[in-house]
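Analysis of the macromolecular model
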Amino acid sequence: MSLAFYATQSTFSDPGELLPRYADLPRDPARLARITRDLLIHRLEGDIFGHTHPADRLHNDAETRYVDDILRLLVARDGASLTRRREPADRFVGTCRDFALLHSSFLRHAGIPARTRCGFADYFGDGGFHVDHVVTEYWDGERGWLLADPELADLFVTGHWKVDFDPMDVPRDRFLVAGEAWRAIREQGADPETFGLHPPAQGPLWGERFVSGNIRLDLAALNKVEPLLWDVWGEAEGEPGEPLPEAARLFYDRVAPVVSGEISFEAVRGLFREDDVLRTPGTVTCYAPFNGPSRVTLR
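Residues numbered from 1 in each chain as written. Predicted model: local features only at pLDDT ≥ 70, side-chain atom pairs only at ≥ 80, totals over all residues. Heavy atoms only, no water.

**Let's talk about the pattern of salt bridges**
- Taken as a whole and assessed by the stated rule, the structure comprises 29 salt bridges.
- Notably, a salt bridge pairs R117 with E137, separated by 2.8 Å at the nearest N-O pair. Residue R117 is found in strand β3 (residues 114-121), and its partner E137 is found in strand β4 (residues 130-140); the two are separated by 20 residues along the sequence. For the residue pair R117 and E137, the accessibility class agrees, reading buried in each case.
- One network of salt bridges, in which partners are shared, links E17, D68, D69, R72 and R299. (Salt bridge = Lys/Arg side-chain N within 4 Å of Asp/Glu carboxyl O. Helix = DSSP H or I, 4+ residues; strand = E, 2+ residues; numbered from the N terminus. Buried < 20%, exposed > 50% of the residue type's maximum accessible area, 1.4 Å probe, protein only.)

What follows is the structure, encoded as C-alpha cells:
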C-alpha cells in the first residue's frame, strides 16, 4: 500500500495540463535526476555557474509551490523538450526543495515510488556544519529506499563541492533526515549549533528550534504534502534563536522516532492525520525570504 501511495502524484508534484511534456522522459532515476539538474539552478549557485540571477527570478521563482507552475515558467523561457539542458539564464531559480520535488514528480510519473525528505547535509562545505537541505528518497526494487540528491547530478557541481559518493545513493550519515538530526542532538550529544540554515554567527536559523521545524516539514513530505520550506503552521513557539520550551522538546522527542530510521507508513499517516499541531492546514503563513510574510491558502 505504501509503495502505491508514493508512486502517484501529490497536489504539489502533479504536472497537471503540462503532463504531455513528460512524454519523452526516460524511466531511469539517475537520468531523471540529471534532467532535473539541467532544468533548475539554485538561488545560491550564481557564482558556481558564473551567472547573475535577475532580481525578479531570484525573488519569485522559488515561491512557486506546484510543479505545474514550475513547468509553465520553464516552458515560457525555453519551449524545447524537458530533456534538453537549459542554459543557466533559462532555468528555474529554485531551492533544494524544488530539485527534490521535480525529481519526485518525474519518478512518480515513471511509476517509481518517491518522496521528498527534509533534513541536514554535511557535504556543502567543510567545518562539520549540517546545512538545511531536501533530497529525494526513491524506491529501488533490490535495496529498498535510497536517498538521491538531484542537485549533485552534474559532475561540475559534485566537483565544486568535492562530493565523494554517488548522488543517487547518498549515505545516510551524510544526510540526516530531520528526525535523525533531532535524535543526534538529544540522544547522542551532537552540538545543536552545527544544524541549521547557517552557522550561529550568520543569524538565528539554527539549533533545536530550527530542527523541530524540519521535523514538521519532513512529516508533511512523508504524507505527500510538500510546501515551501518557509511555510509555517501550528503552535507559536517563539522567535528564531529562542530556546524551545521544555514541553516542546519532549513533544519532538516523541515525534522524531516516527520520522527517522525505517519509516512505518501507518505511523506517519496516523500522526499527521490525528495531530492538529503537526498536520498542515489549508492556510499557512509564508515567510518568504525576499518578499516578506503573507498568509497563503494551499490548493
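**Quick word on unusual backbone geometry**
- Positive phi, normally seen in glycine, also occurs at K162, with a value near 55 degrees.
- By secondary structure assignment, the location of K162 is in the loop between α7 (155-161) and β6 (175-177).
- Even without being a glycine, K224 presents a positive backbone phi close to 60 degrees.

**Topic: the sheet that holds strand β8 (residues 231-232)**
- On the basis of which strands lie adjacent, the open sheet formed by 3 strands has the order β8-β9-β10 and antiparallel pairing. Strand pairing shows two members of the sheet lacking a second neighbour, β8 and β10 (292-297), which therefore form its edges.
- Pairing geometry for strand β9 (residues 283-288) and β10, over 6 bridges, is antiparallel. Opposite V284, over in β10, you have V296 as the bridge partner. (Pairing = 2+ DSSP bridges.)

**Quick look at the environment of H160**
- Considering the arrangement of structural elements, one finds H160 in helix α7.
- Residue H160 is classed as partly exposed on the basis of its relative accessible area, which comes to 39%.
- It is 7.8 Å that separates the C-alpha atoms of H160 and I48, two residues lying 112 residues apart in sequence.

**Remarks on the packing of helix α5 (residues 67-77) against helix α6 (residues 96-109)**
- Viewed as axis vectors pointing N to C, α5 and α6 meet at an angle of 100 degrees, and their least axial separation amounts to 11 Å. If you check the angle between α5 and α6, you find them roughly perpendicular. Counted together, V67, I70 and L71 of α5 and D98, L101, L102 and S105 of α6 form the full contact between these two elements.
- Residues of the contact of α5 with α6, tallied by class, amount to 5 nonpolar, 1 polar and 1 charged. (Axes fitted to C-alpha atoms, helices over the stretch in contact; angles between N-to-C directions. Parallel < 35°, antiparallel > 145°, perpendicular 65-115°, else oblique. Contact = heavy atoms within 4.5 Å. Nonpolar A, V, L, I, M, F, W, Y, C, P; charged D, E, K, R; others polar.)

**Thoughts on the packing of helix α9 (residues 207-222) against helix α10 (residues 246-255)**
- Across the interface, α9 lies against α10 with an axial gap of 11 Å and an inter-helix angle of 40 degrees. By the angle between their directions, the pair α9 and α10 is classed as oblique. Crossing handedness for the pair α9 and α10: left-handed. When α9 is examined against α10, the residues E208, S212, I215 and R216 are found in contact with a partner set consisting of R249, Y252 and V255.
- Each residue belonging to the contact of α9 with α10 can be placed in one class, and the counts come to 3 nonpolar, 1 polar and 3 charged. (Left-handed = near helix turned anticlockwise from the far one by under 90°.)

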